[in-house]
Every structure is written in structure tokens, then in C-alpha cells.
Amino acid sequence: MVRWPYRPKTPRLLPKMLTDSPDRALLVGHREDMETGAPAAKSDPPGCAGARHTMRTLPIRVNPVAEESLDSWLEALASRTSSTWGEILQATGFFDARGNTASYWAARAIVSLTAEQLDVVSHCTGVRPRRLREMTLQPWIKDTSSQRRSVASLRVTGSRFCPVCLRERGGRWRVWWRLRWAFACPAHACLLADTCSVCGGLQRTAPPRFRDVPNLGSCSRVIPQSGQLRRCGGSLSSVRVLCLDNDLAIEVQRELLCVLHAGRVSGGIYASTPVPSAMFARDLRVLGQWMLRHGRAHDVAARISDQLWQQYALRAANDVFRPLITNHGARMTSSSPAADAAIACMAAPILQSADIESAAKSLQWVTSSMCRRGLSPSKRCNYWPGTTSPALDALRRTVQCANDRVGRTRPSP
Ligand SMILES: [Zn+2]
Ligand SMILES: [Zn+2]
């Protein structure tokens, strides 16, 4: 458990991201397999007993790069060996084990790997199970039940990305870019991107096509071109993003990454009632959205940087900022990096307050704005809906009580 805000003496993420670079592929043994074109693996499902012993080790090994996601690494493996996505899934054991498709298992593995999958993939690729697990979302989300709403809401549809990181890392993706609360790159001080500048599509919402050899760092969305469906192929490293030099959003991003990785929060308004990071993330979202909904534009603009405000307003005006809710958990929420950065920059300092009373005082500008619009800050229905943490419930009651007192002391007309 860490206290929040958590500030390590030497920031772990930043120096690592500034210095990492794509590892070179390591050629190892089995040259005869490559020369004779022998199949890379036999076709026993990973869930079956003894599957590990019926799989062959791959003739070429590709080391994961720092913070790389599992799917990115599998694509790098396919690209390095000029294999199709279907061939690499077969060679690493992701195929129909329990009546589901290989794509289903590969998509599920982005969240967490089963013990059998860890064993088989490690055996085939030479990458240790612990390293494989670090490439999934499990260290960030902890409870990886795909059906649980609070957990699924920690992810975005597909993945966001930093174009500069992609260029420097040879098109290899960071695993935490799939988190809802990933909106900025601390290494390059910029807002993350989420769409291709050629086709405008969200990235990594679906696996590559089975017959395609992945092309690292390019858009893999399939779009109609000259009457046929083709891969877009737009360069993602050339997507333009907002520079956030000296912006609060960078500091907030660093702290949120630490909180999500730690798994619990026990600082700020949570000092007496620590909460899991999933609950904290929910508090952050509902409080930030409430502030954005009830605050006046110039009040909001005064609390985030001009550049972030402009980007947020632009996305909202274009109707790109739109929640996407489904009932099945896996891809629950879609937002934009600018909107999530705005929400986090507004709400994080409140949750970080020394106590509930000082947090309530910091929200007086919102309740003043509500009064001007004819909304009563004393009514429960004018606050956030649903279940939040005990600390955020206490904050709501304190704000309501403060407004009740103001109402009682106001002279009657
Ligand atoms: Zn970056
Ligand atoms: Zn594209």
C-alpha cells in the first residue's frame, strides 16, 4: 500500500522510458527448422495436459522492450520472423482451446494469462513467466475479471499511444497505454493520441488479420480503398499531438500511474479509509465529470491549462468525447485523452486534499455555479449517481451541509 500522492525518490517510469530502446532480436538454435521450412509448432491446445511438451520452441527469439504489451511483442515476433498473425498465434499456443477462437484468447491474454498459457508461451519463446505477466494489464488492474464493470472501466477501447515513443521504440506499444487513465506521455511531455491521422480510426480495437504479417508502427485498420478492403497503413509515429511542457497533466499522469500500479490509495481524503485503485479511479471519474458538467466554461478553463482546455473543447465540439458503454465488460469505456486529462486535472487535486473539509472548500466554485443555474447544491439528485467510496460520500455530505448552512444564514427576502 502506498500513500498518495506517491513520489519515489527517483521516478521509476521517466528515466526508464527516456533511455529504453528496441532490443535486437536474438537468433538462437533450430536453424535447421528455418532452412527446411518445418512448421513452428504442433497443434495441441494450451489448456490440455502436456501441451507445453508438444509445442516447439521458436527458432528466433525477440526480447520484449520496456513496458511492452503482450500483443505488441507477439506482433514484433511475427514481423521479425515474417510470419502471419495466425501463424504466430499457432506457434505460441493461442488457438481454439475451449471452443473459443484464437483471437479471443489473444485478446483475453492482453488482460491476463492463465497459468497454462504462461507455461506454454514461456516454453515456446524463452521469455520468463514473470516477464510475460508484466506485459499484461494484470499488474495494473489487479482483479482481471472481464465481467466486472468497475474493472473493465479502467480500460479504453483499443489503445492510446505516444507517436514519439512509437518512433523511438520501433513501433512497439506500451502496455499502460490501454488504461483509461493513460492520457499523457511523461517521457515526451505530450498528450497521447488515440486515432490514425490518415483514416481517423481508433487503434488496436481488433487484432491483426490472420493472414497479415504485422507492420509495426502503422495503422492496421481495414478500410475501403479503390473498391477493396485494405489495411490503412498510415504511419502512427507521424501523428501530431499536443505538447504539454510544464503542464499539470504530466504530473497528474505520473501520480496516477503510480497509484494504479500500487493497487491501493491511502493518502489525501482516503487517509482514514484506504481504497483499491479501481474505486479511486471511479471516484476520479465521477467527481471530474460532475465538475465539468456543473462548472461554467471559464471556471473550468481557469483550472486547466489553456492548451488542454482548447483541445478538450475541440474534441467535445466534434462529438468525439462520447462514452461507449456495453454490458459485456471487455471494452467498456471510450473517451478521449484530452477529456480524461481534463477530468483528472480537475478532480485529482480535490481527492489529494489534506482532509474532507478542505476538499469541500475547493468545490465551492462548482456549487456557486450550480446556484446561478438554478440547481440546488443541497439536493442529493444534483450530485454524482451510483456507488462511490466512503470518502467521496463524506465529501458530498460535507458540501451539501455547507450549502444548507449558507441557505439558513441568508436573510429572507
Ligand atoms: Zn512518448
Ligand atoms: Zn489508419
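A quick note: this is a predicted structure, and the numbers were derived from the prediction, not measured. (Residues numbered from 1 in each chain as written. Chains lettered and ligands numbered in written order. Predicted model: local features only at pLDDT ≥ 70, side-chain atom pairs only at ≥ 80, totals over all residues.)

A. Structural view of the overall build of the protein. Counting its secondary structure elements, the protein contains 19 helices and 8 strands. Residues classed as buried in the protein amount to 42% of the 413 residues present. Pairs at least 24 residues apart make up 71% of the contacts formed inside the protein by residues separated by at least 6 positions. (Helix = DSSP H or I, 4+ residues; strand = E, 2+ residues; numbered from the N terminus. Buried ≥ 20, exposed ≤ 12 C-beta atoms within 10 Å, placed from the backbone. Contact = placed C-beta atoms within 7 Å.)

B. The confidence of the model for the protein, seen in detail. Looking at the protein as a whole, the pLDDT averages 79, with 75% of positions reaching at least 70. Within the model, the stretch residues 5-49 combines pLDDT values under 50 with 70 contacts to residues more than four positions away or in other chains. Below pLDDT 50 for its whole length, residues 320-333 participates in 33 contacts with residues either more than four positions away or in separate chains. (pLDDT = per-residue confidence, 0-100.)

C. Local environment of helix H4 (residues 70-80). Judged by how many residues are buried, H4 sits mostly within the fold: 10 of 11 residues are covered. For H4, the full list of buried residues reads Leu70, Asp71, Ser72, Trp73, Leu74, Glu75, Ala76, Leu77, Ala78 and Ser79. In the stretch just after H4, Ser82 is the one whose phi turns positive, near 50 degrees.

D. Summary view of the environment of Ala344. Note on placement: Ala344 falls in helix H16 (residues 337-351). Accessibility expressed as a C-beta count within 10 Å gives 26 for Ala344, which makes it buried. With 60 residues separating them in the primary sequence, Ala344 and Leu284 have C-alpha atoms 6.6 Å apart. What Ala344 contacts, discounting residues up to four positions off in sequence, is Trp181, Phe183, Val252, Leu256, Leu284 and Gly288.

E. Representation of the pairing of strand E5 (residues 222-225) in the model. Pairing of E5 with strand E6 (residues 228-231), which is carried by 4 bridges, proceeds in the antiparallel orientation. Note on E6: the bridge partner recorded for Ile223 is Arg230. Linking E5 back to E6 in an antiparallel pair, the connection comprises 2 residues, with Ser226 at a positive phi of about 50 degrees. (Pairing = 2+ DSSP bridges.)

F. Highlighting helix H13 (residues 277-294). Compared with the 26 Å implied by 1.5 Å per residue over 18 residues, the 26 Å span of H13 between its first and last C-alpha is a close match. Within H13, 16 of the 18 residues are buried, which leaves it mostly tucked inside the rest of the structure. (Expected span 1.5 Å × (residues − 1).)

G. Main features of the packing of H13 against H16. Put simply, H13 and H16 touch, their axes get as near as 8 Å, and they point 110 degrees apart. The angle between H13 and H16 falls in the class roughly perpendicular. Contact residues: Asp283, Leu284, Arg285, Leu287, Gly288, Gln289, Met291 and Leu292 in H13; Ala342, Ile343, Ala344, Met346, Ala347, Ala348, Ile350 and Leu351 in H16. Residues belonging to the contact of H13 with H16 are distributed by class as follows: 12 nonpolar, 2 polar and 2 charged. (Axes fitted to C-alpha atoms, helices over the stretch in contact; angles between N-to-C directions. Parallel < 35°, antiparallel > 145°, perpendicular 65-115°, else oblique. Nonpolar A, V, L, I, M, F, W, Y, C, P; charged D, E, K, R; others polar.)

H. The arrangement of the nonpolar core in detail. Formed by 104 residues in total, the largest nonpolar core has its most connected members in Ala184, Leu192, Ala341, Ala342, Ala344, Cys345 and Ala347. Sort the elements by how many residues they give to this core and H16 lands first, with 12 residues. Residue contributions to this core reach at least three from each of two domains, namely domain 1 (22-238) and domain 2 (248-409). (Core = buried A, V, L, I, M, F, W, Y, C linked by C-beta atoms within 7 Å. Domains from an automatic or database assignment.)

I. View of unusual backbone geometry. Within the chain, Glu67 stands out as a residue other than glycine whose phi angle is a positive 60 degrees. Mapped onto the elements of the fold, Glu67 is located in the loop between strand E2 (60-61) and H4. If you check the backbone angles, Ala189 has positive phi at about 50 degrees while not being a glycine. With respect to the helices and strands, Ala189 occurs in the loop between strand E3 (184-185) and strand E4 (190-191). Judged by the 18 C-beta atoms lying within 10 Å of it, Ala189 falls in the partly exposed class.

J. Examining the packing of helix H12 (residues 248-262) against H16 more closely. As a packed pair, H12 and H16 sit with axes 10 Å apart at the nearest point and diverge in direction by 80 degrees. Classified by the angle between their axes, H12 and H16 sit roughly perpendicular to one another. Where H12 approaches H16, its residues Leu248, Ala249, Val252 and Leu256 are matched on the opposing element by Ala341, Ala344, Cys345 and Ala348. Each residue belonging to the contact of H12 with H16 can be placed in one class, and the counts come to 8 nonpolar, no polar and no charged.

K. Main features of the environment of Val239. Within the element layout of this structure, Val239 appears in the loop between E6 and H12. In this structure the C-alpha to C-alpha distance between Val239 and Asp194, which are 45 residues apart in sequence, comes to 9.5 Å. Leaving out residues up to four positions away in the same chain, Val239 has contacts with Pro163, Ala193, Cys196 and Ser197.

L. Quick look at the environment of Pro274. The topology assignment puts Pro274 in the loop between strand E7 (264-265) and strand E8 (275-276). When the C-alpha positions of Pro274 and Ser389 are compared, they lie 9.3 Å apart, and in sequence the two are 115 residues distant.

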